[in-house]
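# A look at the structure
Residues per chain are reported as follows:
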2 protein chains.
Amino acid sequence: MSLKSLRTHYAAEVNPAAEDGKSITLAGWVHEIRDLGGICFVVLRDRTGRAQITLVKKKTEPELLEIAKRQVRESVITVTGIVKAEPKAPNGYEIIPTSIALVNESTSPLPMDTTGKVDAELDTRLDNRFIDLRRAEGTAVFLIRSQVLKSIREFFYENKFMETATPKIVAAATEGGTDLFPIQYFDREAFLNQSPQLFKQMLMSSGFDRVFEIGPIFRAEEHDTRKHLNEATSIDVEMSFADHEDVMELLEKLIARVYEDVLKNCEKSLEILGVDLKVPKLPFYKYAYEEVLSIINNEIPEIETKMKFGDDIGTQAEHLFGEYVFQKTGESHYFITAWPTKTKPFYAMPNAVRPEISNSFDMMHRTMELSSGAQRAHLYDILCSQIQAKGLNVDSFEFYLKPFLFGMPPHSGFGVGCERLVMTMLGLDNVREAVLFPRDRKRLSP
Amino acid sequence: MSLKSLRTHYAAEVNPAAEDGKSITLAGWVHEIRDLGGICFVVLRDRTGRAQITLVKKKTEPELLEIAKRQVRESVITVTGIVKAEPKAPNGYEIIPTSIALVNESTSPLPMDTTGKVDAELDTRLDNRFIDLRRAEGTAVFLIRSQVLKSIREFFYENKFMETATPKIVAAATEGGTDLFPIQYFDREAFLNQSPQLFKQMLMSSGFDRVFEIGPIFRAEEHDTRKHLNEATSIDVEMSFADHEDVMELLEKLIARVYEDVLKNCEKSLEILGVDLKVPKLPFYKYAYEEVLSIINNEIPEIETKMKFGDDIGTQAEHLFGEYVFQKTGESHYFITAWPTKTKPFYAMPNAVRPEISNSFDMMHRTMELSSGAQRAHLYDILCSQIQAKGLNVDSFEFYLKPFLFGMPPHSGFGVGCERLVMTMLGLDNVREAVLFPRDRKRLSP
């Protein structure tokens, strides 16, 4: 017997009008039991939502009533019964059961509350992630994350991108030797890759033309903030015969598309999370780095130390500038362009007219950076001198540099942090809320 | 000026009839130059194919002819010119150029031939992967791989699966302590995950119900064969309220769907590879393990040592049995079911009637195993005793076992090796052909 018979419908899939009077079978968790004397309610929960099982004492077989009352919260059950439209019940119907069967019993007490009535600390929640994710809000975040990735891929396929996968185990660091996790690779030392950067660029030399990769990246940064992870999901893109302006246009369209799709397809999850999503307006506003400096120095008095060319824009300035843009434009997303060449990685293309600035950009959300990108240096000599200028050894990049000698087209690209995209979209307090099983300085389990 | 002006069309996108007489711009690599005296052909190559640029000496500006002749193979160029339908040329047209511009020059000699006229050893090709992938066959494999993954995801979305991502850095081994790559994770030892197995099962307890994950897995096996990789892409699936029969049905439908989509959407790539794809017939044939043993022992004389219950089916037997099935049925794909419990991991569900066999399966291709799956042990006590029976320590699986105490539904799942799927589909000799930058015992670069 196939286990499919344990369920004919998900809770939210039942159409109260069309299915009124029909027999259906639901499977899920005992969310709640309310015994009001003359009537007993069992609330069953599945991924889609809840269903109310109603047992009126006088009309129910005593044995069935006994089974219902015996259930403990969070046990897995399967219930067969007749659908009855009931506007006051969840999803607009109740079930008058003909059978209730225990599938797998839960132990008591639970390690954590699942009703959302008791607030738990994030650490407690992550320690018990399997049960934390049963909260409607937990499921909602990951249904939306799944939709985000689906939209991103559809967007790229429509724009003729190929999906690629590049190695996570590498011999050399993408951007120099810091912040790497070392691995014992048989008898050699290797590292976990920080980014597909070098590989996606090599594929431009192969003529793959437009590639995207969505996969894990690993950074051994000792940060302990609400927006950093040591293992994250990166959305990486590279495109030939395109400059930074071209990929900025691609990126802003991508973001708008993802917002539109989530708005269209995740109505219920957004409602559970209380998120009122607004699709960003195109094109995004662009501020050159030097313009940002001038605004910060002249119009944002909270920043006391004047900034000068070459300074990084720190967290406080980033926040205040994001607020400034939002107040001026009503938009949360914008670009900071034309960063000083020395603040960007060696693979960014210096501007032809003013080589001290680069053809680079960051795509910002009001509250944090979401993406970083650039036209890449595709000329061998420029690239070598930029590697040296960063104090890195050209020899250790031989595998990467060789393709630049044999027909490398001009190309540009960017990377977007998937978790930050979901975090800012949903207004989550902590990036860990956007990862099933986060990895940070202190957390390696579950 | 946007670099988009370097190209208006891909080579294979030009419609010779509709665009005859129009001016277009192509960008790509100099595939070949043939100077026949009175006429000179430059063959330009991009991801989609080739285009012939025709320069008739008497009708061409001497300067333009000079530029054309000066090009070296594999340089990147952009060509603007008039389309002229020409049935004998690649893609049915030629370009009469009005301008040819060098974008980035290639060095000579090339580290490897790109025309496919000279056969190179696999090692040489992988050492120069960036240029190896320029061969039409190289690009074709990865265009198909991209389509395979696109189809797989579409299939899962249509079947109400959520996409998930689970950690690659883990504290404990999935199936015990062997074959793991150790990582230095700050001040602790950690490992690269061998499989999302334990995490996807935990998500069943969270009520995620149907999940899939496509991502890297890492195995420190010392194999050096044509079908093993140390870093591979795994397609992992888990489904609640489903048994092994249910997920076998899902899996065979998935495989058929992928074949259908590739056949429909990758016609040109299949032609380049000379692959005559046949969609597998549903349902796949199923052979119980004991039936396989009996056939091997009685009908396949090449295997001299008689096999007995509990023996693993080795490579030779696997091949000969695959051949046997193919001869009998004409099909390359089939299932071996009901494996001895002791040959399968601890998380496989023992059969209720005969606990010495498990509710497990392998999905086979004529030439090798493609997938392994099972109904999972969802009852805490059975799971603990199976962990102990494998000589493993229950305590080190605490994070995994806890969810089984608090409402774990029955569930089943499988994993498919993406590279083997592509390899068997395209009849590739070596699994490394299906990976951009393979990682094996000896290879860590590029």
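Quick caveat, the model's predicted, so the values are computed rather than measured.

## What to know about the overall build of chain A
Along its length, chain A carries 13 helices and 16 strands. Considered along the principal axes of its C-alpha atoms, chain A spans approximately 85 × 55 × 40 Å. Across the 446 residues that make up chain A, the buried fraction comes to 61%. Of the contacts made within chain A by residues no fewer than 6 positions apart, 65% connect residues no fewer than 24 positions apart. Accessible surface computed for chain A: about 17500 Å², of which carbon and sulfur atoms make up 50%. One finds the centroid of the 54 positive side-chain charges in chain A at a distance of 5 Å from the centroid of its 65 negative side-chain charges.

## As for the domain arrangement of chain A
The domains assigned to chain A are domain 1 (3-104) and domain 2 (136-284 + 331-434). Summarising the inter-unit geometry, the C-alpha centres of domain 1 of chain A and domain 2 of chain A are found 46 Å apart.

## Concerning the UniProt feature "site: Important for tRNA non-discrimination" (unreviewed entry) in chain A
Residues and elements named next belong to chain A. In the UniProt entry, the feature "site: Important for tRNA non-discrimination" (unreviewed entry) is given for Pro90. Relative to the assigned elements, proline 90 resides in the loop between strand 4 (76-85) and strand 5 (93-104). According to the relative accessible area criterion, proline 90 is partly exposed, its value standing at 29%. Excluding residues within four positions of it along the chain, proline 90 makes contact with Arg50 and Gln52.

## Regarding the UniProt feature "binding site: L-aspartate" (unreviewed entry) in chain A
All names here are of chain A. Following the UniProt record, the feature "binding site: L-aspartate" (unreviewed entry) maps to Glu175, Arg219, Ser372 and Arg376 here. Looking at where arginine 376 falls in the secondary structure, it is placed in the loop between strand 15 (368-375) and helix 11 (380-389). What makes arginine 376 buried here is its relative accessible area of 2%. Not counting the four nearest positions on each side in its chain, arginine 376 is found in contact with Gln197, Lys200, Gln201, Val237, Glu238, Tyr347, Met349, His411, Ser412, Gly413 and Phe414.

## Remarks on the packing of aromatic side chains
As enumerated under the stated definition, the model contains 50 aromatic pairs over all chains in all. An angle of 75° between the planes, with centres 5.6 Å apart, marks the rings of tyrosine 157 of chain B and phenylalanine 212 of chain B as edge-to-face. Here phenylalanine 212 of chain B lies in strand 10 (residues 210-218) and tyrosine 157 of chain B lies in helix 5 (residues 136-158), a separation of 55 residues in the sequence. Among the aromatic residues, ring-to-ring pairing joins Phe155, Phe156, Tyr157, Phe161 and Phe212 of chain A into one connected group. Lying over the aromatic face of tyrosine 157 of chain B, lysine 150 of chain A brings its terminal NZ or CZ to 5.3 Å of the ring centre.

## Focus on the interface of chain A and chain B
Every contact between the two is made by 106 residues of chain A and, on the other side, 106 residues of chain B. Of the roughly 8900 Å² buried where chain A meets chain B, counting both sides, 62% is carbon and sulfur surface. Applying the counting criterion to the chain A and chain B interface returns 8 salt bridges. With its nearest N and O atoms 2.8 Å apart, the salt bridge here joins arginine 153 of chain A to glutamate 163 of chain B.

## Looking at the sheet that holds strand 16 (residues 411-417) of chain B
All names here are of chain B. Judged by pairing direction, the sheet is mixed, and its 8 strands sit side by side in the order 6-10-11-16-15-14-13-12 without closing on themselves. Strands with a single pairing partner mark the edges of an open sheet, and in this sheet they are strand 6 (162-163) and strand 12 (285-288). Across 5 bridges, the pairing between strand 15 (residues 368-375) and strand 16 is antiparallel. If you follow serine 372 over to strand 16, its bridge partner there is glycine 415. Helix 5 contacts strand 6, strand 10, strand 11 (231-240) and strand 16 of the sheet and is inclined by roughly 150° relative to strand 10.

## Remarks on the pairing of strand 3 (residues 49-56) of chain A
All names here are of chain A. Counting buried residues along strand 3, 6 of its 8 residues qualify, which places the element largely inside the surrounding structure. Bridge analysis of strand 2 (residues 39-46) against strand 3 gives 8 bridges, and the strand direction is antiparallel. Across the sheet, the residue bridging to leucine 44 is alanine 51, located in strand 3. If you look at the hairpin formed by strand 2 and strand 3, you'll find 2 residues sitting between the two strands.

About the cut-offs
- Residues numbered from 1 in each chain as written.
- Chains lettered and ligands numbered in written order.
- Predicted model: local features only at pLDDT ≥ 70, side-chain atom pairs only at ≥ 80, totals over all residues.
- Heavy atoms only, no water.
- Helix = DSSP H or I, 4+ residues; strand = E, 2+ residues; numbered from the N terminus.
- Buried < 20%, exposed > 50% of the residue type's maximum accessible area, 1.4 Å probe, protein only.
- Contact = heavy atoms within 4.5 Å.
- Areas by Shrake-Rupley, 256 points an atom, 1.4 Å probe, with all protein chains shown as cover.
- Lys, Arg positive; Asp, Glu negative; His and termini not counted.
- Charge placed at Lys NZ, Arg CZ, Asp CG, Glu CD.
- Domains from an automatic or database assignment.
- UniProt positions renumbered as here; feature names shortened; annotations may be inferred.
- Phe/Tyr/Trp six-rings, centres within 6.5 Å; stacked < 30°, edge-to-face > 60°.
- Lys NZ or Arg CZ within 6 Å of the ring centre and 35° of its normal.
- Buried area = accessible area lost by both parts, 1.4 Å probe.
- Salt bridge = Lys/Arg side-chain N within 4 Å of Asp/Glu carboxyl O.
- Pairing = 2+ DSSP bridges.
- Axes fitted to C-alpha atoms, helices over the stretch in contact; angles between N-to-C directions.

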